[in-house]
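Spelled out, the chains give:
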Amino acid sequence: APARRLGTRPFPPFPALFFFCVFFWPYYLLLALTGWYHLVHGLSTAAAVLRWPVGSALQRPPVFTGVVAVGALALVAGVLALGGVLVDVGDPTTSAYARLVLRLTGIGVGP
């Protein structure tokens, strides 16, 4: 079978996702968002138990939802940046690891 060549068609649409495009988005989005929710919920619970003033504020649903939503937007932007959507991350196929994977899989790079 002929080796598939990158550069002949836009696959994947974002070069930084060359090796893990199928798993990158759902895994890192879910990891970031569930981690953020867990952190905010844990801090609000701990603050309420320790009777810190921020604890009672974070226990109110509108405040809790707002903090989680703002953090979630920031985390989504961060994952998009890591994925090469918001910022240029360079050509991921130039690293030593990429060269090894390309050699082992037989996928060619370039025209």
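Residues numbered from 1 in each chain as written. Predicted model: local features only at pLDDT ≥ 70, side-chain atom pairs only at ≥ 80, totals over all residues. Heavy atoms only, no water.

1. Examining the confidence of the model for the protein chain
Inclusion rule: For every residue, the predictor states its confidence as a pLDDT score lying anywhere from 0 to 100. To qualify as a helix, a DSSP run of H or I must reach at least 4 residues; to qualify as a strand, a run of E must reach at least 2; elements of each kind are numbered from the N terminus. Any pair of residues with heavy atoms lying within 4.5 Å of one another is described as a contacting pair.
Here the protein chain averages 78 in pLDDT, and 75% of its residues register 70 or above. Least confident of the elements in the protein chain is strand β1 (residues 5–6), whose mean pLDDT is 46; most confident is helix α3 (residues 61–82), at 94. For residues 1–14, every residue scores under 50 in pLDDT, and the model assigns this stretch 24 contacts once sequence neighbours within four places are set aside.

2. Considerations on the environment of Thr-45
Threshold: We call a residue buried when its accessible area falls under 20% of the maximum for its residue type, exposed when it is over 50%, and partly exposed in between, using a 1.4 Å probe and counting protein chains only.
Mapping Thr-45 onto the fold places it in helix α1 (residues 21–49). By relative accessible area, Thr-45 is classed as partly exposed at 35%. Remark: the alpha-carbon pair of Thr-45 and Ser-56, spanning 11 residues in sequence, is separated by 9.1 Å.

3. Notes on α3
Where we set the bar: What a helix is expected to span follows from its residue count: subtract one and scale by 1.5 Å. Directions from the helix axis toward the C-beta atoms define the arc.
In a regular helix each residue adds 1.5 Å, so 22 residues correspond to 32 Å; α3 covers 31 Å between its end C-alpha atoms and thus fits that length. Taken together, the buried positions of α3 are occupied by Phe-64, Val-68, Gly-71, Ala-72 and Val-79. Projected onto a plane normal to the axis of α3, the buried residues spread over an arc of 115 degrees and lie on a single side. Within α3, the exposed residues directed more than 90 degrees away from the buried face are Pro-62, Val-70 and Leu-73. Downstream of α3 by one or two residues, Gly-84 has phi in the positive range, about 85 degrees.

4. What about unusual backbone geometry?
Phi at Arg-51 takes a positive value of approximately 60 degrees, unusual for a residue other than glycine. Summarising the element assignment, Arg-51 is placed in the loop between α1 and α2 (53–58). Look at Arg-51 and you get exposed, because its relative accessible area is 76%.

5. Concerning the side chain of Ser-44
As for its position among the elements, Ser-44 is in helix α1. Exposure remark for Ser-44: the relative accessible area of 2% places this residue in the buried category. Among residues more than four places away in sequence, those in contact with Ser-44 are Gly-55, Leu-58, Gln-59 and Phe-64.

6. Thoughts on helix α4 (residues 96–105)
Those residues of α4 that sit buried are Ala-98, Val-101 and Leu-102. Angular distribution of buried residues about the axis of α4 spans 100 degrees; they occupy a single face of the element. Residues of α4 that are exposed and point more than 90 degrees away from the buried face comprise Ala-96, Arg-103 and Leu-104. One or two positions beyond α4, positive phi appears at Gly-106, with a value near 80 degrees.

7. Considering the packing of aromatic side chains
Quick note on the threshold: When the centres of two rings from Phe, Tyr and Trp lie within 6.5 Å, Trp using its six-membered ring, the rings pair. Their planes under 30 degrees apart give stacked, over 60 give edge-to-face, and anything left gives tilted.
The full count for this structure, using the stated rule, is two aromatic pairs. Arranged with centres 4.8 Å apart and planes meeting at 85 degrees, the rings of Tyr-27 and Tyr-28 form a pair that is edge-to-face. The class of Tyr-28 is partly exposed, set by a relative accessible area of 39%. Judged by centre distance (5.5 Å) and plane angle (85 degrees), the rings of Tyr-37 and Phe-64 are edge-to-face. Here Tyr-37, found in helix α1, pairs with Phe-64, found in helix α3; they are 27 residues apart in sequence, far enough to count as distant.

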